[in-house]
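The chain contents come next:
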Amino acid sequence: MTASAPDRVLSVRDLKVHFPVLAGAVLRRQVGSVRAVDGVSFDVRRGETLGLVGESGCGKSTTGLAVLRMLDITSGRVEFEGEDITGLDRAAMRPIRRRMQMVYQDPFGSLNPRMKVAEIVGEPLEVHGLAADRAAFRERVAALLDMVGLLPDMADRYPHEFSGGQRQRIGIARALALEPSLIVCDEPVSALDVSIQAQVVNLFQELQERLGLTYIFIAHDLAVVRHISHRIAVMYLGRIVEIAPRGELYARPLHPYTQALLAAIPIPDPAIEAGRPQQIISGEVPSAMRPPPGCRFHTRCPHAMDRCKTEDPPLKEIDGGRAVACHLYG
Amino acid sequence: MTGARLLSVKGLSTEFRTDRGTVRAVDDVSFDLAAGETLAIVGESGSGKSVTALSVLRLIPTPPGRISSGEVLFEGRDLLKLDEREIRAIRGNRIAMIFQEPMSSLNPSLTVGLQIAEPVQLHRKAPWAAALDKAGELLERVRLPDARSRLSSYPHQFSGGMRQRAMIAMALACQPQLIIADEPTTALDVTVQAQILALLKELTRAANSALILITHDLGVVARYADRVCVMYGGRVAEMGPAREIYAHPRHPYTIGLMASVPRLDQEAGSRLVPIEGQPPDLSRLPPGCAFQPRCRFATERCRVERPPLVSTGPDHLSACHHHDRLGA
């Protein structure tokens, strides 16, 4: 889990993001809090893809936003390229924002429909004063479009003229404009058609190889996450329950929740599915306002013991590079 | 297809008037369904899978939509020829539908119990107390926790998974011969999706109802379908028994789809093989095969001549000029 300092792009320690819940029409007072992210720690190495998976409400998107300082952090520490950025103000964050970017899920909602592609992709260059003149600007935009597999003459068109897959490419070009080292990808292929998903997944991989990018890849589709990630963190109700290199997580999932998630994914082959035991866990994810005491997964866990109802299992390192938060393992 | 024929769709075409001209969303689609069988209709956005389902139940908004030709034979009657009163007697009674978004198909201002009991009272002419009792029994059958006490709850008090359970209860209320489920679990979490699909399959099997499952997820198809109909650009690309389609696909689009999805049981890290190009624009389909602009097997013939759906094996149909060159 730990990486030596120069190799480490991002280091997150005991990150908490709580949202206040208010009540009262006139005198708004806080009656509770949603503990969206509740004590999360992980490192991301340079050139690596860390996958964050989990079901809705597990805190994976909130973690991504908090790491980029796009949300207020309740407590904990975020270190980016060796610098503690947890408490930096807007002005101090500005040069750092160039190095960390985001690609969003919705290729329709995340592009301004009134702006031409050149303005969308080139906006970060203007904001950060990186285009010397008009010619340099056009040249850079053309290079960015080429990098994501779009044609230079598409620069003068509007988003509505593009399909979902092409729009996602525009969003990726915008994220690349400032030559970031870290890109947080929040469900970047979930809204795309199956035949287009593979195109975009391949593009992410090519860009990583070419530019040495580091990704946090957030998704609910375990097959896609497994395909693109080097390591994977499984989240449940604001916590990481298991983190492991890709091969080990899928070959030998340790946490009962990881096992349940993997069993729930059907394999696209009827001959294999017919012989696959169907272990479906019952229940749904409890509210993050009132997470269960003890292990948060105990209400749905087929292996729950008495201890699990009262004692919160810490994330403990098991062997080379993997960790699990479960009483079954010590 | 085995067993008695329950539904037979023949040459169904549905058109929509748009500002870019008339678009044929469903183009000459035919398929049969046996009693108790599960047929998956697979396709991406714009493939015509949902419009096909809505056309069967005559739920196409008119205008701008219009079923322009075809027959939908169900229990010996052509549903397209029935008057409004007759088709209403079939909807929710002999054929039930489950939609992707349970919140938009449940009435937010009525209790769940009332909404499930209503079709029972309406179609089965049951007294209200008996209908409400039946609703409680149905909620138990879909394994809603504290089922009876949930009768007086409103939809907003339910989670997404509970709402979809209530929708299934409603669909099962009149013991329909056919259930059409349009992406019933796409909006749900992975573990809940598995629960709901297993439940739907188990209950339809127990009632010997047939199921048309509309989905884009090849994994879901593999786990639950007996037969598969792959659609592209409003047309049937390939159709056959599920095992046969996955083992010996005979259409380049099906082959491309299978190669483009990552699988949990295969080596990770290798490059996926995407289908190049963009999904079809229905208002500008090419004259020949709809898939031809993206197809690596395309020849001159594919550009000019629309491939008919022909038999390539027992119960296996493909609409490709080169079907005999494909498949392993």
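Everything numeric here is computed off the predicted structure, so don't read it as measured data.

Parameters and conventions
Residue positions are given per chain, counting from 1 as you read along its sequence in written order. Labels follow written order: the first chain is A, the first ligand is 1, and so on. Given that the model is predicted, a residue must reach a pLDDT of at least 70 before its local features are reported, and side-chain atom pairs must reach 80 or more before they are shown or counted; all residues, however, enter totals for whole chains, interfaces and linings. Hydrogen atoms and water are omitted, and side-chain values are computed over all heavy atoms in the structure. Secondary structure elements are defined from DSSP: runs of H or I of at least 4 residues count as helices, runs of E of at least 2 residues count as strands, and each element is numbered from the N terminus. The globule rule used for comparison is 2.2 Å times the number of residues to the exponent 0.38, while the radius of gyration itself is calculated over C-alpha atoms. Each residue's exposure class comes from its accessible area (1.4 Å probe, protein chains only) as a fraction of the maximum for that residue type: buried when under 20%, exposed when over 50%, partly exposed otherwise. Residues are treated as being in contact if the distance between any of their heavy atoms lies within 4.5 Å. Surface accessibility follows the Shrake-Rupley procedure with a 1.4 Å probe radius. Residue values consider only the protein chains on display as shielding. Lys and Arg are tallied as positive, Asp and Glu as negative. Neither His nor the chain termini are counted. To locate a charge, take atom NZ for lysine, CZ for arginine, CG for aspartate or CD for glutamate. Strands are treated as partners if at least two bridges between them are detected by DSSP. To define axes, lines are fitted to C-alpha atoms, for helices over the stretch in contact only, and angles between the resulting N-to-C directions are given on a 0 to 180 degree scale. Detection works on a 1 Å grid of protein atoms alone, calling trapped sets that fit a 1.4 Å probe cavities and calling open sets with protein on both sides within 12 Å along at least five of seven lines pockets, with lining residues defined by an atom within 4 Å of a point. Grid points are joined across faces, edges and corners, and a volume is the space filled by probe spheres set on the points. Any residue outside Ala, Val, Leu, Ile, Met, Phe, Trp, Tyr, Cys, Pro, Asp, Glu, Lys and Arg is labelled polar, Gly included; the first ten of those are nonpolar and the last four are charged. Pairing of aromatic rings covers Phe, Tyr and the six-membered ring of Trp, with a centre-to-centre limit of 6.5 Å; geometry is then stacked below 30 degrees between planes, edge-to-face above 60, and tilted otherwise. Only lysine NZ and arginine CZ atoms are considered, and such an atom sits over a ring when it is within 6 Å of the ring centre and within 35 degrees of the ring normal.

Asks: Mind showing me how you'd approach the overall build of chain A here?
Replies: Looking only at helices and strands, chain A has 11 helices and 12 strands in total. The C-alpha atoms of chain A give a radius of gyration of 21 Å, which matches the 20 Å a tight globule of 330 residues would have. Based on the C-alpha atoms only, the size of chain A along its principal axes is roughly 70 × 60 × 45 Å. Put simply, chain A has 330 residues, and 54% of those count as buried. Intrachain contacts of chain A at a sequence separation of at least 6 include 65% that bridge at least 24 residues. With an accessible surface of roughly 13,900 Å², chain A has 50% of that area assigned to carbon and sulfur atoms. Charge-centre separation for chain A: the mean point of 39 positive side chains lies 4 Å from the mean point of 39 negative side chains.

Asks: Hey, could you run me through the sheet that holds strand β2 (residues 29-45) of chain A in this one?
Replies: Picture the strands of a sheet paired through backbone hydrogen bonds; they go either parallel or antiparallel. All names here are of chain A. Taken together, four strands build an open sheet; the order of strands is β2-β1-β4-β5 and the sheet is antiparallel. Where the open sheet ends on each side, the last strands, each with one partner, are β2 and β5 (83-84). Two elements, strand β1 (residues 8-23) and β2, share 13 bridges in a ladder whose sense is antiparallel. Its bridge partner being in β2, R8 is matched across the sheet by R45. Along the sheet, helix α1 (residues 60-67) makes contact with β1, β2 and β4 (75-80), crossing β1 at roughly 115°.

Asks: Which parts of the structure should I look at to understand the environment of B:H323?
Replies: Residues and elements named next belong to chain B. For H323, the position within the fold is in the segment after β12 (316-318). Sequence spacing of H323 and E101 is 222 residues, and the spatial spacing of their C-alpha atoms is 37 Å. If near-sequence neighbours (up to four positions away) are discounted, H323 is found in contact with R250, V310, S311, T312 and S318.

Asks: Got a minute to help me understand the pairing of strand β6 (residues 95-98) of chain B in this structure?
Replies: Two faces, one strand: in a regular strand the side chains alternate between the faces of the sheet. Residues and elements named next belong to chain B. Here β6 shows no split at all, with I95 and M97 on one side and A96 and I98 on the other all buried. One ladder, built from four bridges, connects β6 with strand β7 (residues 178-182); its direction is parallel. Counterpart to I95 in the pairing with β7 is L178.

Asks: Explanation requested: helix α3 (residues 117-127) of chain A in the structure shown.
Replies: Since there are 3.6 residues in each turn of an α-helix, residues three or four apart along the chain are aligned in direction. Residues and elements named next belong to chain A. Restricting attention to buried positions, one finds in α3 the residues V117, A118, I120, V121, G122, P124 and L125. Where the residues of α3 are buried, they touch α4 (134-147) and α5 (164-176). Trailing α3 by a residue or two, G129 shows a phi angle of about 60°, which is positive.

Asks: Help me understand empty space enclosed by the protein in this model?
Replies: In this approach, a probe sized like a water molecule rolls over the atoms, and the result shows the empty space that is left. Residues and elements named next belong to chain B. Counting across every chain of the model gives six cavities of 30 Å³ or more. Size it by volume and the largest cavity reaches roughly 70 Å³. P252, C289, C295, C302 and C320 are the residues nearest the centre of the largest cavity, which is lined by 13 residues in total. A class-by-class count of the residues in the lining of the largest cavity yields nine nonpolar, four polar and no charged. Estimates place the volume of the second largest cavity at around 60 Å³.

Asks: Hey, could you run me through the packing of aromatic side chains in this one?
Replies: The geometry of an aromatic ring pair comes down to the distance between the two centres and the angle between the two planes. Residue and element names in this part refer to chain A. This model, assessed by the stated rule, comprises eight aromatic pairs over all chains. Seen from their ring centres, F204 and Y215 are 5.5 Å apart, and the 90° between their planes marks the pair as edge-to-face. Of this pair, F204 sits in helix α6 (residues 194-211) while Y215 sits in strand β8 (residues 214-219), and the two are 11 residues apart along the sequence. Each ring, one from Y236 and one from Y257, has its centre 4.6 Å from the other, and the planes form 55°; the classification is tilted. In this pair, Y236 is assigned in strand β9 (residues 231-236) and Y257 in helix α9 (residues 256-264), connecting sequence segments 21 residues apart. One exposure class covers both Y236 and Y257, and it is buried. Chaining the aromatic ring pairs together yields one cluster made of F204, Y215 and F217. Its guanidinium or amino end placed over the ring of Y250, R226 lies 5.4 Å from that ring's centre, counting from NZ or CZ.

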